[in-house]
Amino acid sequence: MRASLARASLLLGLAAGLPSWSEAPCRQVRSGTALAIDPLLIPAGHPQPEPPSDYRHRLQTTPLGWPLQSTWCVWVEPADSEASPSRSTERWLQAVAGALKEWQQVLPIVLVNQPELAQVTIWRRRPPLRWDAKGRPRASHGRASLSLQKRGEGAPPLVEPKVEVLIGAGQRQEALQATALHELGHAFGLWGHSDEPGDAMAASPGATPVLQLSVRDRRTLEWLYGQPSRLRSGP
């Protein structure tokens, strides 16, 4: 019980002083069939703006359009309900809550209590190793993985993005939150990287963890959500 209350107190605090988003789009089970599309992410081909005030030219899209939603339904892995959460778990929950709060200032994000209701699921685990072109292992503290799922049998069928986010708990608080902020940026449609270390979506983190969206992050997001996409359901 204490663990559940700890999670609730951390995550329910997201609503304080923020816009109130409608929960209606997040009341349905999002079961569907994953579409076999390879490659799923492709270059969007947009030129760099002049002056270079954002990084839209670095974003990737999908063959079916930008992976956007009008409302994002997000589930966060809870602490173990049968024991008091450890300090590392509390630190992880606080970091994820801080990152979500930052994104919730600019996007309609609703927290749900079941993963089946979510388009974005956030798990407390270290991503598995990846291997580079030379066969060398590459470790990371966070990773977002995108799929497209067909829901229902309508014509045309409803297709929406589904994202799994893995964030390891083995970092200090600020680094954890910066990792969560970055990976959630991918989850919410920014499938690409900035070349400026002060941006949340920087390809390589700088010496100081980025805990807030930069002006360039916000401009890129504003441009992105102004684009039409058949994947964006809801009003």
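In short, a report on the structure. Owing to the predicted nature of the structure, the values given are computational and were not obtained by experimental measurement.

Reading the values: rules and limits
Residues numbered from 1 in each chain as written. Predicted model: local features only at pLDDT ≥ 70, side-chain atom pairs only at ≥ 80, totals over all residues. Heavy atoms only, no water. Helix = DSSP H or I, 4+ residues; strand = E, 2+ residues; numbered from the N terminus. Contact = heavy atoms within 4.5 Å. Areas by Shrake-Rupley, 256 points an atom, 1.4 Å probe, with all protein chains shown as cover. Core = buried A, V, L, I, M, F, W, Y, C linked by side-chain atoms within 4.5 Å. Buried < 20%, exposed > 50% of the residue type's maximum accessible area, 1.4 Å probe, protein only. Phe/Tyr/Trp six-rings, centres within 6.5 Å; stacked < 30°, edge-to-face > 60°. Lys NZ or Arg CZ within 6 Å of the ring centre and 35° of its normal. Expected span 1.5 Å × (residues − 1). Pairing = 2+ DSSP bridges. Axes fitted to C-alpha atoms, helices over the stretch in contact; angles between N-to-C directions.

Helix and strand content of the protein chain: 4 helices and 10 strands. For the protein chain, the α and β elements follow one another from N to C terminus as α-β-β-β-β-α-β-β-β-β-β-β-α-α. In the protein chain, of all internal contacts separated by at least 6 residues, the share reaching a separation of at least 24 is 72%. With the model as given, the accessible surface of the protein chain reaches about 12000 Å², and the carbon-plus-sulfur share is 52%.

Bringing the nonpolar core into the picture now. Core analysis: the biggest nonpolar cluster contains 44 residues, and Val74, Leu100, Trp103, Val120, Ile122 and Phe188 have the highest contact counts within it. It is helix α2 (residues 87-104) that provides the largest number of residues to this core, a total of 7 residues. Once residues within four sequence positions are removed from consideration, Val74 is found in contact with Leu100, Ile109, Val110, Leu111, Val112, Ala118, Val120, Ile122 and Phe188. Counting residues in hydrophobic clusters, the runner-up holds 9 residues, among them Cys26, Trp75, Trp123 and Leu166.

On to the packing of aromatic side chains. Taken as a whole and judged by the stated rule, the model has 4 aromatic pairs. Between the aromatic rings of Trp72 and Phe188, the centroid separation amounts to 5.5 Å while the plane-to-plane angle is 55°, which identifies the pairing as tilted. Remark: Phe188 occurs in the loop between α3 (173-187) and α4 (215-224) and Trp72 occurs in strand β4 (residues 72-76); sequence separation between them is 116 residues. Exposure remark for Trp72: the relative accessible area of 0% places this residue in the buried category. Lying across the ring of Trp92, Arg124 places its NZ or CZ 5.3 Å from the centre.

Within the secondary structure, Glu222 sits in helix α4. We classify Glu222 as exposed; its relative accessible area is 61%. For Glu222 and Asp54, which are 168 residues apart along the polypeptide, the C-alpha to C-alpha distance reads 9.9 Å.

Its 15 residues place the ends of α3 21 Å apart at the C-alpha level, agreeing with the 21 Å of an ideal helix rising 1.5 Å per residue. For α3, the tally of buried residues reaches 13 of 15 residues, placing the bulk of the element in the interior. A positive phi of about 120° marks Gly189, the residue just after α3.

We now examine unusual backbone geometry. Residue Pro39 follows Asp38 across a cis peptide bond; omega there is 0°. Of note, Pro39 is situated in the loop between β1 (33-34) and β2 (42-43).

A word on the side chain of Thr179. Along the chain, Thr179 falls in helix α3. Accessibility expressed as a relative area gives 14% for Thr179, which makes it buried. Excluding residues within four positions of it along the chain, Thr179 makes contact with His141, Gly142, Ile167 and Gln171.

The element strand β10 (residues 158-167) is largely enclosed, with a buried count of 8 among its 10 residues. In the sheet, strand β6 (residues 120-124) pairs with β10 via 5 bridges, with the strands oriented parallel. What sits directly across from Trp123, in β10, is Leu166. Where strand β9 (residues 142-151) meets β10, 10 bridges bridge the pair, whose relative direction is antiparallel.

Mapping Pro209 onto the fold places it in the loop between α3 and α4. Pro209 sits 30 residues away from Thr179 along the chain, and the two C-alpha atoms are 8.5 Å apart. Excluding its chain neighbours within four sequence positions, the residues that come into contact with Pro209 are Arg172, Glu174, Ala175 and Ala178.

Before going further, it helps to spend a moment on the sheet that holds β9. In spatial order, the strands read β1-β9-β10-β6-β4-β5; together these 6 strands make up an open sheet with mixed pairing. Strands at the two margins of the open sheet, each flanked by one partner only, are β1 and β5 (109-111). Sheet contacts for α2: β4, β5, β6 and β10; angle to β6, the most-contacted strand, approximately 155°.

Worth remembering: the numbers are spatial, not functional.
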